[in-house]
Amino acid sequence: MSGIFNLVKTNPALAPLFLFGGSGIVGGFAYIGHCLKNGPDVIINKSAAEKPWNRIQPHENAKLWSPNKDFWQDRKDRAAELKRA
């Protein structure tokens with residue numbers, strides 16, 4: 001680390017290079033940490049089930065948007081009938 005400071009002292013024109021390069025690296029790691037913490041696609045939970053997509057039942061709609069809502073309602077009604085029978 002002191003080698004970098006000595007290099008910048010001897011050649012001050014390199015200071016912006018280290019400043020912007022270092023801030024880019026820090027920003028990249030900060031973005032990765034943000035995505036790991038807040039991203040819905042990333043699951044970091046070693047105590048829960050290994051494959052959470054296996055918890056979705058056949059009558060549950062896991063899609064964000066479905067053009068055919070009647071299909072899922074029919075499946076839900078059919079699942080309720082099978083539970084009663």
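Residues numbered from 1 in each chain as written. Predicted model: local features only at pLDDT ≥ 70, side-chain atom pairs only at ≥ 80, totals over all residues. Heavy atoms only, no water.

Chemist: I keep staring at the overall build of the protein chain and nothing clicks. Help me out?
Modeler: Helix and strand content of the protein chain: three helices and zero strands. Overall, the protein chain shows an N-to-C arrangement of helices and strands of α-α-α. Taking 12 Å as the expected radius of gyration for a compact globule of 85 residues, we find that the protein chain reaches 26 Å, considerably beyond that expectation. The burial tally for the protein chain puts 5% of its 85 residues in the buried class. When the 12 positive and 7 negative side-chain charges of the protein chain are each reduced to one mean point, those points stand 10 Å apart. (Helix = DSSP H or I, 4+ residues; strand = E, 2+ residues; numbered from the N terminus. Rg over C-alpha atoms; globule rule 2.2 N^0.38 Å. Buried < 20%, exposed > 50% of the residue type's maximum accessible area, 1.4 Å probe, protein only. Lys, Arg positive; Asp, Glu negative; His and termini not counted. Charge placed at Lys NZ, Arg CZ, Asp CG, Glu CD.)

Chemist: Sorry if this is basic, but what is going on with a nonpolar patch on the surface here?
Modeler: Judged by side-chain polarity, Ile25, Phe29, Tyr31, Ile32, Leu36, Val42 and Ile44 come together as a nonpolar surface patch covering roughly 740 Å² of accessible area. Looking at the secondary structure, you find Ile32 in helix H2 (residues 15-38). (Patch = residues over 30% accessible without salt bridge, like charges linked within 9 Å, V, L, I, M, F, W, Y side chains within 5 Å. Areas by Shrake-Rupley, 256 points an atom, 1.4 Å probe, with all protein chains shown as cover. Salt bridge = Lys/Arg side-chain N within 4 Å of Asp/Glu carboxyl O.)

Chemist: I would appreciate a short explanation of a negative patch on the surface in the present structure.
Modeler: Taken together, the side chains of Asp70, Asp74, Asp77 and Glu81 make up a negatively charged region of the molecular surface. With respect to the secondary-structure elements, Asp70 resides in helix H3 (residues 69-84).

Chemist: Would you mind going over the environment of Thr10 with me for this structure?
Modeler: Tracing the chain through its elements places Thr10 in helix H1 (residues 2-10). As a C-alpha pair, Thr10 and Phe20 span 10 residues in sequence and 19 Å in three-dimensional space.

Chemist: I would appreciate a short explanation of the environment of Gly21 in the present structure.
Modeler: When you line up the elements, Gly21 lands in helix H2. Measuring from C-alpha to C-alpha, the distance between Gly21 and Pro40 comes to 30 Å, with 19 residues separating the pair along the chain.

Chemist: Got a minute to help me understand the environment of Ala85 in this structure?
Modeler: Relative to the helices and strands, Ala85 resides in the segment after H3. Overall, the relative accessible area of 85% leaves Ala85 in the exposed class. Between the C-alpha atom of Ala85 and that of Gly21, which follows or precedes it by 64 residues, the distance is 67 Å.

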